[in-house]
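Descriptive analysis of the structure
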Amino acid sequence: MVQVYRLLPNNTDFTPLTQAGYTGMNFAYIQNSSHYHTATDTIANLNPGSLQHHGSTMLALTRALGGTDLRALGSGHDATYFRALGVMITYPGQLTWPLAVLALLAVAALALPARTRRLLTLPRLLVAAVSALLPLILSAALAQGLWALLATWRPAYDLMGGLLHHPRPYQAAVAALSAAAVLGWHLALRRALGSAATAIAGLLWLAALGLLCAWLAPGAAFLFTLPALLGALGWLAALLLRRAPPAGHACSWPWPAPPPPPCSCPRWPATSSTAWDSLSRASPPSCSPCSC
């Protein structure tokens, strides 16, 4: 994720060239960062698939740029790209803000018929939206507590700055704890506020974070914007396609399941895994500049 790379505090060999005004492309491995600049940073621990991917990319790039006037290359915007279900999805950066605004409008469009059908009220929606901070804070506290427990059990973990040789079990545990926090929040408020309020509140958070990312980190906005947009449109269609209730009866929410958590990581497993590994590179205070 290029947006994560831009936010990292550590530098690369390309940084001096960027500071000098040169335009170029930077390529690096992200996963298995625990081997980085250590005695285990060997060919044996290099993923052959990653090496092949690097070679294929360099060959394709050479063929594409070999006959191009590099002085004429330039762009005033970035493109957003990611993989979902094995398919590469890309769209121009000019669509980042329209999609973010559209996601917010879709959530508002979902709230309107839900209120008309007496599935929620504005006060209940506000309470649900504000209380949605609780599972976020609880998830962070549980993840930090789990790491402290692991570091107590294996003190060497604390010296690795979060870069584990086999991080998937820890990541799965954090995902499970986060899901439990969201589910507990939903079940605790479902009777008092209703499922519609908690569900729409979760989508509202996603849409709001999408707008914030569109401003601060446009390349990462899709992590929040697309789940909010697709979730709102899907639930809106389910709500509108349901037969209207008889007079004097309230309509039921289309699904009794808990709302989407105000976090986008489970939406794109491959992307969230890459983001996890990328951000981990910034955590060790003693991390030296990488060679890419």
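Right above here is the structure, for reference.
All figures in this text were calculated on a predicted structure; none of them were measured in a lab. (Residues numbered from 1 in each chain as written. Predicted model: local features only at pLDDT ≥ 70, side-chain atom pairs only at ≥ 80, totals over all residues. Heavy atoms only, no water.)

1. Focus on the overall build of the protein chain
A tally of regular secondary structure across the protein chain gives 11 helices and two strands. Moving toward the C terminus, one meets the helices and strands of the protein chain in the order α-α-α-β-β-α-α-α-α-α-α-α-α. Looking at the protein chain as a whole, 35% of its 292 residues qualify as buried. Residue pairs at least 24 apart in sequence account for 74% of intrachain contacts in the protein chain once pairs closer than 6 positions are excluded. As presented, the protein chain carries roughly 17400 Å² of accessible surface, and 68% of it is formed by carbon and sulfur atoms. (Helix = DSSP H or I, 4+ residues; strand = E, 2+ residues; numbered from the N terminus. Buried < 20%, exposed > 50% of the residue type's maximum accessible area, 1.4 Å probe, protein only. Contact = heavy atoms within 4.5 Å. Areas by Shrake-Rupley, 256 points an atom, 1.4 Å probe, with all protein chains shown as cover.)

2. Remarks on the nonpolar core
Formed by 44 residues in total, the largest nonpolar core has its most connected members in Leu110, Leu120, Ile200 and Leu203. Every element with two or more residues in this core is listed here: β1 (79-84), α4 (96-116), α5 (122-131), α8 (168-193), α9 (195-216) and α10 (222-241). Among the nonpolar cores identified, the runner-up in size contains eight residues, and Ala143, Leu146, Trp147 and Leu150 belong to it. (Core = buried A, V, L, I, M, F, W, Y, C linked by side-chain atoms within 4.5 Å.)

3. Side note on α8
A rise of 1.5 Å per residue sets the reference length of α8, with its 26 residues, at 38 Å; its end C-alpha atoms lie 36 Å apart and thus fit the reference within 8%. What α8 keeps buried is the set Tyr170, Gln171, Val174, Ala181, Val182, Trp185, His186, Leu189 and Leu193. Trailing α8 by a residue or two, Gly194 shows a phi angle of about 95 degrees, which is positive. (Expected span 1.5 Å × (residues − 1).)

4. Structural notes on α5
Within α5, the full set of buried residues consists of Leu125, Ala128, Ala129 and Ser131. Looking at the buried side of α5, the elements it contacts are α6 (133-153), α8 and α9.

5. Here's the deal with the pairing of β1
Only one face of β1 is covered, namely the face carrying Thr80, Phe82 and Ala84; the face carrying Ala79, Tyr81 and Arg83 is uncovered. Inspection of the sheet shows β1 paired to strand β2 (residues 87-92) by six bridges, in the antiparallel sense. What sits directly across from Arg83, in β2, is Met88. Counting the residues between successive antiparallel strands, the hairpin from β1 to β2 contains two residues, one of them, Leu85, with a positive phi of roughly 55 degrees. (Pairing = 2+ DSSP bridges.)

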